[in-house]
Amino acid sequence: MDKQLIEFDNAVEALGDSMLANMPEQRIKDVQQFREYFEQHTDAKLRRLGLRLIDESTSFAFMYRMSVAYGKVFDKSLEIGYLREEVTRRGLRLNGGIKA
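Keep in mind the model is a prediction, meaning the values are calculated, not measured. (Residues numbered from 1 in each chain as written. Predicted model: local features only at pLDDT ≥ 70, side-chain atom pairs only at ≥ 80, totals over all residues. Heavy atoms only, no water.)

## Considerations on the pattern of salt bridges
In step 1: Counted by the stated rule, this structure contains ten salt bridges.
In step 2: Linking Glu13 and Arg84 is a salt bridge whose minimum nitrogen-to-oxygen distance equals 3.9 Å. Note that Glu13 is positioned in helix H1 (residues 3-18) and Arg84 in helix H5 (residues 70-94), a separation of 71 residues in sequence.
In step 3: For Glu56, the salt bridge is made with Arg52, and the minimal N-O distance between the two is 3.7 Å. Of this pair, Glu56 and Arg52 both sit in helix H4 (residues 44-65), separated by four residues, roughly a single helical turn.
In step 4: On the accessibility criterion, Glu56 (14% relative accessible area) is buried.
In step 5: What you see here is one network of salt bridges that share partners, running through Arg52, Glu56, Lys76 and Glu79. (Salt bridge = Lys/Arg side-chain N within 4 Å of Asp/Glu carboxyl O. Helix = DSSP H or I, 4+ residues; strand = E, 2+ residues; numbered from the N terminus. Buried < 20%, exposed > 50% of the residue type's maximum accessible area, 1.4 Å probe, protein only.)

These results come straight from atomic positions and should not be treated as a statement about function.
Structure follows, in structure tokens:
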């Protein structure tokens, strides 16, 4: 799998983990810094998935900070988990890590 995809997945995971520790602003920036990487990616599906994951992760962080209802935050976390899995699977597939 592509090194940047691994770093991106780590940044998304760190953002989620930081929710318990007052979510430093830097964690949001760590995820958002990958926007250019995905905007320039040649695989359209991976590009869409990656950009959506960035948006959903950022949305999750702000929902959490604004104390949105737990059910909505929980649903968003499930969506992020699904998107992380899809980005990883697509990245592996494109880089020969697994077969479709």
